[in-house]
Amino acid sequence: MTEYANQTQFSAELENLHTEIVGRSYIPGWNRAGNPPMWATPRLSFEAALWRYVEAKQLLTQAGELVSPELAERRNLILQNPVPGNRYPTLRTQVIAYQMIMPGERARTHRHAPHAGRLILDSDPGTYTVVDGLKVPMRTGDVVLTPGWTWHGHGHDGAEPAYWIDFLDIPLVQLLDPMFFEPYPDGFQEPVAESRDTPLLFPYARVSDALDELDPARSGPLGRAIQLGDEHSPIPTTGLVMHRLDRHTAGQTFRTTANYEYCVVEGAGTSWVNGTRFDWNRGDVIAVPGWSEQSHHSESGATLLAVSDEPVQRFCGYFRSSVDIERGDGRHLGDRPAVLPPAGGGALVSHPGPDSSR
Ligand SMILES: [Fe+2]
């Protein structure tokens with residue numbers, strides 16, 4: 001039988017072996033104290049945080065006088081998670097931004113691998129996006145999708161500045177490395193068609209009506225909820241669920257592994273995240289990292305858009321919720337919200353693109 005060295009004290013011979021092992025780009029699996037590859041439960045590597053629309057609006061208004069669309073690809077404010085050392089994301093896989101466009105402006109066309117979308121906070125008639133040649137007028141409360149690698153630019157022919165919340169899976173793409181970005185060669189892609197009847201748009205009136213029709217008995221932990229789009233979403237990494245918080249109704253306390261950014265579409269209310277209270281109003285964004293204990297309620301009634309990486313976690317088989325665990329299962333079964341299918345009328349316009357049009 002082999003005589004092993006004392007397990008708490010490596011011999012000089014073993015230390016020499018470690019040095020040789022490390023020098024050849026290995027880690028000795030028996031000697032990685034302080035750097036375990038797994039842990040018992042999720043670690044919170046980002047902080048719960050709140051950003052206020054009134055503040056962002058004021059800052060963007062100031063920027064509107066100093067920053068032109070020619071100077072910046074987009075005039076936006078990125079919601080950088082305040083956790084020390086973070087340089088970019090709002091949460092692990094997602095980034096959120098407030099964006100403003102002035103009357104008469106155009107934000108030039110580009111395309112990128114990351115999937116994106118936006119929740120329109122304030123827009124008067126005349127605000128629009130152009131996605132692969134399709135002009136889509138954008139109204140307050142709308143959710144508009146920009147699938148990865150579609151050309152997209154924005155314009156505004158109205159009278160008042162327009163504001164919206166962008167959400168993108170850029171940090172996920174950075175993690176996986178398949179990043180591509182390309183500016184449109186001619187600056188702005190002129191539309192070849194116009195429609196609001198497209199799978200890329202969830203008009204707020206349609207979403208709100210669908211929420212009203214839901215059976216309150218089927219409510220989730222926040223209230224009635226509806227998922228925007230089915231399993232064939234053109235932005236498959238990003239979960240979009242609209243929640244309606246009924247007046248005076250206390251939300252359930254729950255946790256899931258998914259990362260959530262709650263964007264306040266209507267109303268005001270309070271969220272508790274890991275024991276911290278966040279009071280929010282219309283247009284605010286509350287970031288809730290995965291596995292946070294959370295609850296949400298509103299005295300006056302409210303509607304929240306939850307943007308999340310839940311589809312990615314479900315696809316990978318990683319998703320867990322406290323509801324499942326209490327039921328003794330603990331694995332990715334959780335109650336799913338009702339589904340609002342995409343509009344069936346308009347498919348993406350097949351645009352020839354800048355290369356083949358020359
Ligand atoms: Fe973009």
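Below, the discussion takes up the environment of Arg218. Locating Arg218 in the fold gives a position in the loop between α4 (204–213) and β14 (224–228). According to the relative accessible area criterion, Arg218 is exposed, its value standing at 58%. Taking the C-alpha atoms as reference, Arg218 lies 8.4 Å from Pro337; in sequence the two are 119 residues apart.

Now for the pattern of salt bridges. For the structure on display, the rule yields 14 salt bridges. The closest approach of N and O atoms between Asp142 and Arg196, which form a salt bridge, is 2.7 Å. With a gap of 54 residues between them, Asp142 in the loop between β7 (134–137) and β8 (143–146) and Arg196 in the loop between β12 (193–194) and β13 (201–202) connect regions that are remote in the sequence. According to the relative accessible area criterion, Asp142 is buried, its value standing at 2%. Counted as one network, the salt bridges with shared partners bring together Lys57, Asp122 and Arg282.

Here we come to the pairing of strand β17 (residues 269–273). Taking burial as the measure, the five residues of β17 include four buried ones, the bulk of the element. Inspection of the sheet shows β17 paired to strand β18 (residues 276–280) by five bridges, in the antiparallel sense. Across the sheet, the residue bridging to Thr270 is Asp279, located in β18. Count of turn residues in the β17/β18 antiparallel hairpin: two residues, of which Asn274 carries a positive phi of about 50 degrees. Across four bridges, the pairing between β17 and strand β20 (residues 294–297) is antiparallel. Residue pairing for β20: Trp272 is matched across the bridge by Ser295.

So, about the sheet that holds β17. Judged by pairing direction, the sheet is antiparallel, and its three strands sit side by side in the order β18-β17-β20 without closing on themselves. Where the open sheet ends on each side, the last strands, each with one partner, are β18 and β20. Direction aside, neighbouring strands of the sheet carry axes that sit 15 degrees apart on average.

Around the iron ion, the protein contributes the donor atoms His110 (NE2), His112 (NE2) and His152 (NE2), at 2.1 to 2.2 Å from the metal centre. You can call His110 buried: its relative accessible area is 5%.

Here Tyr163 shows up in strand β10 (residues 162–168). In this structure, the C-alpha to C-alpha distance between Tyr163 and Asp124, residues 39 residues apart in sequence, is 9.9 Å. Contacts of Tyr163, omitting those with residues within four sequence positions, involve Tyr53, Lys57, Leu60, Thr61, Gln99, Met100, Ile120, Leu121 and Asp122.

Here the focus is unusual backbone geometry. Even without being glycine, Asp177 reaches a positive phi, approximately 85 degrees. Of note, Asp177 is situated in the loop between α3 (170–176) and β11 (181–183). You will see that Trp291, though not glycine, has its phi angle at about 70 degrees, which is positive. Counting through the fold element by element, Trp291 comes out in the loop between β19 (285–288) and β20. A residue is classified by how much of its surface remains accessible, and Trp291, at 13% relative accessible area, is buried.

Glancing now at the layout of surface pockets. When its volume is computed, the largest pocket comes out at roughly 1,100 Å³. Around the largest pocket, the lining comprises 34 residues; the ones closest to its centre are Pro42, Thr257, Asn259, Gln313 and Tyr318. Mapped onto the lining of the largest pocket, the elements with two or more residues apiece are α3 and α5 (310–316). Here the lining of the largest pocket gets five residues from one element, more than from any other, and that element is α5. Residues belonging to the lining of the largest pocket are distributed by class as follows: 20 nonpolar, nine polar and five charged.

What counts and what doesn't
- Residues numbered from 1 in each chain as written.
- Predicted model: local features only at pLDDT ≥ 70, side-chain atom pairs only at ≥ 80, totals over all residues.
- Heavy atoms only, no water.
- Helix = DSSP H or I, 4+ residues; strand = E, 2+ residues; numbered from the N terminus.
- Buried < 20%, exposed > 50% of the residue type's maximum accessible area, 1.4 Å probe, protein only.
- Salt bridge = Lys/Arg side-chain N within 4 Å of Asp/Glu carboxyl O.
- Pairing = 2+ DSSP bridges.
- Axes fitted to C-alpha atoms, helices over the stretch in contact; angles between N-to-C directions.
- Donors = N, O, S within 2.8 Å, 3.2 Å for Na, K, Ca; no water.
- Contact = heavy atoms within 4.5 Å.
- 1 Å grid on protein atoms, 1.4 Å probe; cavity = no way out; pocket = protein on both sides within 12 Å on 5 of 7 lines; lining within 4 Å.
- Points joined across faces, edges and corners; volume = space filled by probe spheres on them.
- Nonpolar A, V, L, I, M, F, W, Y, C, P; charged D, E, K, R; others polar.

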